[in-house]
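One letter stands for each residue in the lines below.
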Amino acid sequence: MMMTIEEELIELVRRTSCEIPSDVRTALERAFRREEKGSPAKSVLRTILGNIALAAEGSVPVCQDTGTLTFFVDFSLRRKVTVGKIKAAVREATRLGYLRKNTLSPVSGRSFDDNTCDGAPVIHYGDYPKKDGKAQVTLVMKGGGSENMSRQYSLPDAELAAGRDEEGVKKCVLDAVWRAQGYGCAPGVLGVCVGGDRAAGYETAKAQLLRPLDEKASKLEKELLEKANSLGIGPMGLGGKTTLLAIKIAERPRVPASFFVTVAYMCWALRRRTIWLG
Amino acid sequence: MARLKYPFGEKEVRSLKAGDTVSISGRIYTGRDKLHKFFADGGALPVDFRDGALYHCGPIVVKGANGEWQVKAAGPTTSVRENPYEPDFIAKSGVRIIIGKGGMDGATLAAMKRHGCVYVQATGGAAAVSAASVRRVAGVSMLDEFGAAEAVWHFDVENFTGVVAMDSHGVSLFDSVRESSRRRLAGLFGAR
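Residues numbered from 1 in each chain as written. Chains lettered and ligands numbered in written order. Predicted model: local features only at pLDDT ≥ 70, side-chain atom pairs only at ≥ 80, totals over all residues. Heavy atoms only, no water.

Engineer: Break down the overall build of chain A for me, citing the residues and quoting the values.
Structural biologist: Helix and strand counts for chain A come out as 8 helices and 8 strands. Taking all 278 residues of chain A together, the buried fraction comes to 56%. Sequence separation of at least 24 residues holds for 79% of the intrachain contacts in chain A that already meet a minimum separation of 6. Total accessible area on chain A is roughly 12000 Å²; 53% of this is exposed by carbon and sulfur atoms. Taking the 42 positively charged and 33 negatively charged side chains of chain A as two groups, their mean positions are separated by 1 Å. (Helix = DSSP H or I, 4+ residues; strand = E, 2+ residues; numbered from the N terminus. Buried < 20%, exposed > 50% of the residue type's maximum accessible area, 1.4 Å probe, protein only. Contact = heavy atoms within 4.5 Å. Areas by Shrake-Rupley, 256 points an atom, 1.4 Å probe, with all protein chains shown as cover. Lys, Arg positive; Asp, Glu negative; His and termini not counted. Charge placed at Lys NZ, Arg CZ, Asp CG, Glu CD.)

Structure follows, in structure tokens:
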């Protein structure tokens, strides 16, 4: 039976909230095997993997912080997947308990109990890659604990002794990993943007989290992942071999006066999912 | 594994050491940003935390068809935001166990040593596992005032597990990881 657009969108929210993508789960399983027997790291990863299974089985959210919802909708779907339909799906998914009442007026702290208001959820319409003639709707849910660990650096940075070169970029990324410790729910994934203006920096860094973890890493990504994991911060900051699962880096042009390095920190619960519509 | 049951005695809490795994059963209360600010501004605590546990958590709780609260997800939130309030909270409330993630600062560690309290790290994001240990929602306070994610939920839990990450002897696992990772970072950066 064909699902209506509304049903497709509610199902997208449900599965994004309750199911961890297979590439992320595989990376966590690999990390679990690598950690030492009897260590806090192994115990944390065992709990994480158990939690992933339990959430999927029971159709309950992987994490109670169901985060900021960001939708990426192909422009060709704009008349079908409208803002109104997306908001209706978010309201229904909230009522069903797939989303926490997680949307607050910034200063008063008043809750928009159905998770919709002007600006929530975040919806981008754009030209995104197609598959078999079908266009995508992608949802990312990013929790506040990890978002709080995202940072933006402006080079040169005197405190880090980081200049406007590749060494400087590396220092920013590793400093961000060190500052995050376990607070962002390590082992996390980093999206990095080198260059751009401040806004493009954060947007591009966050968009890197959409890339599959198992795609081939660049030389810089590989080097930084090794170095980040050598810090020994470990799962949830209790020490261990796995501080990050992956680093994804993109570049954007900059103006002569600015050189930003932006790091988007994502927790292990990297909740992203795409549906393809004809 | 140390098995702790509410009410938590000072002696048994002081016997715990950083790195111990614990299993908690009985009553625990959630409380996060709004509760801490409310308390610091002079508000009266809505429940008695004496010899109790405070869980830094904003759960997803929905009302079932039978009118009973059902916990869908209840993992820990980042504790560091409560640093400014926690030493005073510990001193005045008599709380024995703080459950959260990420750890807390030196002033909180000192208050834990002074008053006999420990910090238990639950696994961040493991909301389904934590929710499964909640046997019953016994009640809720400040639901209208704070909203569902910030309200003080009264959970009766069974075998809620975590790691003692800060004990009442001044030891914090987070501090040792932070220090060793700082040295390694300095090594990667070269002499600074």
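Engineer: I'd like a description of the overall build of chain B, backed by residues and values.
Structural biologist: Helix and strand content of chain B: 7 helices and 9 strands. Since a compact globule built from 192 residues should have a radius of gyration of about 16 Å, the 17 Å found for chain B is in line with a globular shape. A principal-axis box enclosing the C-alpha atoms of chain B has dimensions of 65 × 35 × 30 Å. By residue count, 58% of the 192 residues in chain B fall in the buried class. Surface exposure of chain B reaches about 7600 Å², of which carbon and sulfur atoms provide 49%. Side chains of chain B give 25 positive and 20 negative charges; the mean places of these two sets differ by 5 Å. (Rg over C-alpha atoms; globule rule 2.2 N^0.38 Å.)

Engineer: Which residues make up the sheet that holds strand β3 (residues 135–142) of chain A, and what are the values?
Structural biologist: All names here are of chain A. Taken in spatial order, the 4 strands line up as β2-β1-β3-β8 in an open sheet, and their pairing is mixed. Each edge of the open sheet is held by one strand with a lone partner, namely β2 (122–126) and β8 (271–277). Going from strand to strand, the sheet's axes swing by 15° on average, the running direction of each strand aside. Relative to β2, strand β1 (residues 68–74) runs parallel, the two sharing 5 bridges. (Pairing = 2+ DSSP bridges. Axes fitted to C-alpha atoms, helices over the stretch in contact; angles between N-to-C directions.)

Engineer: Can you break down the packing of aromatic side chains residue by residue, with the values?
Structural biologist: Overall, the coordinates contain 9 aromatic pairs over all chains when judged by the stated rule. Between Trp69 of chain B and Trp153 of chain B, the ring centres sit 5.0 Å apart and the planes meet at 80°, which makes this aromatic pair edge-to-face. Taken together, the residues Trp69 of chain B in strand β5 (residues 69–73) and Trp153 of chain B in strand β9 (residues 152–166) connect sequence positions 84 residues apart. Trp153 of chain B sits in the buried class, given a relative accessible area of 0%. The ring centre of Phe189 of chain B lies 5.5 Å from the NZ or CZ of Lys171 of chain A, which sits over that ring. Of note, Lys63 of chain B hangs over the ring of Trp69 of chain B, and the distance from its end group to the ring centre comes to 4.7 Å. (Phe/Tyr/Trp six-rings, centres within 6.5 Å; stacked < 30°, edge-to-face > 60°. Lys NZ or Arg CZ within 6 Å of the ring centre and 35° of its normal.)

Engineer: Mind laying out the pattern of salt bridges, listing which residues take part and the relevant values?
Structural biologist: Residue and element names in this part refer to chain A. Tallied over the entire structure, the rule returns 32 salt bridges over all chains. With a closest N to O distance of 3.8 Å, Glu29 and Arg25 form a salt bridge. Remark: Arg25 and Glu29 occur in helix α2 (residues 22–34); sequence separation between them is 4 residues, near one turn of the helix. Looking at Glu29, the relative accessible area reads 31%, which means it is partly exposed. Residues Glu223 and Lys170 are paired through a salt bridge, measuring 2.9 Å at the closest nitrogen-oxygen approach. (Salt bridge = Lys/Arg side-chain N within 4 Å of Asp/Glu carboxyl O.)

Engineer: So what about the sheet that holds strand β4 (residues 151–154) of chain A? Which residues, and what values?
Structural biologist: Strands in a sheet are paired, the pairing made by backbone hydrogen bonds, and the direction either parallel or antiparallel. Residue and element names in this part refer to chain A. The strand order β4-β7-β5-β6 describes an open sheet built from 4 strands, whose pairing is mixed. Every other strand in the sheet has two partners, leaving β4 and β6 (244–252) as the edge strands with one partner each. Averaged over all neighbouring strand pairs, the angle between strand axes comes to 15°, with direction disregarded.

Engineer: For unusual backbone geometry, give the residues involved together with the corresponding values.
Structural biologist: Of note, the bond from Leu155 of chain A into Pro156 of chain A is cis; its omega dihedral lies within 30 degrees of zero at 5°. Within the element layout of this structure, Pro156 of chain A appears in the loop between β4 and α6 (166–180). Positive phi outside glycine occurs at Gln181 of chain A, with the angle close to 40°. You can see Gln181 of chain A is positioned in the loop between α6 and β5 (188–195). With a phi angle near 55°, Asp51 of chain B is a residue other than glycine that sits in the positive phi range. Tracing the chain through its elements places Asp51 of chain B in the loop between α2 (33–40) and β3 (53–55).

Engineer: For the interface of chain B and chain A, give the residues involved together with the corresponding values.
Structural biologist: At the interface, 41 residues of chain B touch 41 residues of chain A. Summing the contributions of chain B and of chain A, the shared interface buries around 3400 Å²; its carbon and sulfur component is 65%. Taken together, the connections running from chain B to chain A amount to 0 salt bridges. Taken together, the links from chain B to chain A amount to 15 residue pairs in polar contact (both at pLDDT 80 or more). No other element matches helix α7 (residues 173–189) of chain B, which puts 10 residues into the side of chain B that touches chain A. Among the residues making up the side of chain B that touches chain A, the classes are represented as 22 nonpolar, 10 polar and 9 charged. (Buried area = accessible area lost by both parts, 1.4 Å probe. Polar contact = N/O pair within 3.5 Å; in protein donor to acceptor, adjacent residues only side chain to side chain. Nonpolar A, V, L, I, M, F, W, Y, C, P; charged D, E, K, R; others polar.)

Engineer: Can you lay out the pairing of β1 of chain A for me, pointing to particular residues and giving the numbers?
Structural biologist: Residue and element names in this part refer to chain A. Along β1, 6 of the 7 residues are buried, which leaves the element largely enclosed by surrounding structure. Bridge count between β1 and β3: 6 bridges; the pairing is antiparallel. Bridging across to β3, Phe72 finds its partner in Thr138. Following the backbone out of β1, through helix α4 (residues 83–95) and into the adjacent parallel β2, one traces a crossover that is right-handed. (Right-handed = clockwise from strand over helix to strand, strands pointing away.)

Engineer: Can you break down the side chain of Ser141 of chain B residue by residue, with the values?
Structural biologist: All names here are of chain B. Turning to its location among the elements, Ser141 is positioned in strand β8 (residues 134–141). You can call Ser141 buried: its relative accessible area is 11%. At 2.8 Å, the side chain of Ser141 and the side chain of His154 are in polar contact. The contact partners of Ser141, leaving out residues within four places of it in the chain, are Pro46, Val47, Ala151, Val152 and His154.

Engineer: Just give me the short version of the packing of α2 of chain B against helix α3 (residues 86–93) of chain B, but keep the residues and values in it.
Structural biologist: Residue and element names in this part refer to chain B. Two elements in contact, α2 and α3, have axes separated by 10 Å at closest approach and are oriented at 70°. The angle between the axes of α2 and α3 places the two elements in the roughly perpendicular class. Residues Leu35, His36 and Phe39 of α2 form the contact with α3, whose participating residues are Glu86, Asp88, Phe89 and Lys92. Its residues assigned to classes, the contact of α2 with α3 shows 3 nonpolar, 1 polar and 3 charged. (Parallel < 35°, antiparallel > 145°, perpendicular 65-115°, else oblique.)

Purely geometric stuff here, so don't read any function into it on its own.
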